[in-house]
Amino acid sequence: MLIDLHAHSSRSDGTDLPAELVALAADAGLDVLALTDHDSADGWDEARAAAEAYEIVLLPGLEISCRHLGAGAHLLAYLPDPRFPPLAEELVRVLDGRNGRLPAILARLHRVGVELDVADIRRVAGAATATGRPHVADALVARGVVSNRDEAFDRFLSPGRPAYVDRYAAELTEMVALVARAGGVSVLAHPWGRGSRRVLTPQVLAELAEAGLAGIEVDHNDHSAEQRAALRAIASETGLVATGSSDYHGTGKVGHPLACNTTSPDQLGRLLDRADASAQAARQAGAEPPRAPGVAGVNT
Ligand code: AMP
Ligand code: ZN
Ligand code: FE
Ligand code: FE
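First, a word on what this report is: a plain description of the structure on this page.

Conventions adopted
- Residues numbered from 1 in each chain as written.
- Chains lettered and ligands numbered in written order.
- Predicted model: local features only at pLDDT ≥ 70, side-chain atom pairs only at ≥ 80, totals over all residues.
- Heavy atoms only, no water.
- Donors = N, O, S within 2.8 Å, 3.2 Å for Na, K, Ca; no water.
- Helix = DSSP H or I, 4+ residues; strand = E, 2+ residues; numbered from the N terminus.
- Buried < 20%, exposed > 50% of the residue type's maximum accessible area, 1.4 Å probe, protein only.
- Expected span 1.5 Å × (residues − 1).
- Arc of directions from axis to C-beta.
- Contact = heavy atoms within 4.5 Å.
- Core = buried A, V, L, I, M, F, W, Y, C linked by side-chain atoms within 4.5 Å.

Quick look at the coordination of the zinc ion (ligand 2)
The protein atoms donating to the zinc ion (ligand 2) are Asp13 (OD), Asp13 (OD), His38 (NE2) and His249 (NE2), with metal-donor distances spanning 1.9 to 2.6 Å. Expressed as a motif, the donor residue spacing for the zinc ion (ligand 2) is D-x24-H-x210-H. A separation of 5.7 Å is found between the zinc ion (ligand 2) and the iron ion (ligand 3). A residue pair is termed long-range when its members are at least 10 positions apart, and Asp13 in the loop between β1 (3–4) and α1 (18–27) and His249 in the loop between β8 (241–244) and α11 (265–284) qualify at 236 residues. An identical accessibility class is assigned to Asp13 and His249; each is buried.

Observations concerning helix α3 (residues 85–100)
In this model α3 runs 22 Å from its N-terminal to its C-terminal C-alpha over 16 residues, within 8% of the 22 Å that 1.5 Å per residue would give. Along α3, the residues classified as buried are Leu87, Glu90, Leu91, Val94, Leu95, Gly97 and Arg98. All buried residues of α3 lie within an arc of 155° about the axis, which places them on one face of the element. In this fold, the buried residues of α3 make contact with β2 (32–38), β3 (57–68), α4 (102–111), β5 (170–171) and α8 (172–181).

A few points about the nonpolar core
Ranked by size, the top nonpolar core spans 51 residues in total, and within it Leu33, Ile64, Leu75, Met175, Leu188, Leu200 and Ile216 carry the most contacts. If one sorts the elements of this core by residue count, α8 sits on top with five residues. Contacts of Ile64, omitting those with residues within four sequence positions, involve Asp39, Ala73, His74, Leu75, Ala77, Leu87, Leu91, Met175 and Val179. Counting 20 residues, the second largest nonpolar core, distinct from the first, contains Ala34, Val185, Val241 and Leu272.

Set out below in structure tokens:
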């Protein structure tokens, strides 16, 4: 059974519509795909309908932009109720932060001689819920200023580069608790990838596990073989679920094809059990988390 728990559609910064993404996942032989757009559940309905047509299991998720001890960290949230007011409000804050800094990014680009306006960004952002740095990167590609997103980040958009502008992100420990209150489970995305490696020490991962974190993304292409082995050991010591995923973004991110990393059925089973427990408690408190999908041989 092939399970990929981290993929983006063009509702955030991937390049395939949710239904196209699901079709590609079926082509890649996946049995289970999680749609995890940045800070938005807008693609869920479309992906769900396509998953039914292609007979694959769709796990609805989000990748929430968080901050911990001054560093950015990405939290994968599976099966929360995105309309649960405290969660919905926090997601709006993150999305507004991303949209709101666009003028500042454009002003900084102007200072280094690159002329782009908001319309240029909107044109490349298409179906996206919020326009982030990847869309600015795409506009720079469209203008011929750079040849791909990576070059745009390296030259202009990454921290320390001339057009970098910080934005709002949710506090990580609080978001882990909030996802649980909304009936979902959370898994730290690429904990030792760029950005969060410095702050997400083994000690901090153990503390987050205590605070309700369900898992860590061990197999991710930002991690070396040594890092994966170390993270797998931490997961088994702390009781965290160990996942593996592609972080597919279509043509928006090279080297992350669908199913390049996968999660084992037993780890998915543990995650869905945690989600079940969380959903039961959350329903009593008035949240309406989506029903966990049945996965043959895992939880049915
Ligand atoms: P934002 O949330 O608007 O700050 O944009 C951050 C997103 O940009 C991340 O979640 C990645 O998907 C993407 N990203 C970050 N660094 C790079 C890079 N070097 N090349 C391509 N995409 C990147
Ligand atoms: Zn992304
Ligand atoms: Fe991420
Ligand atoms: Fe991602």
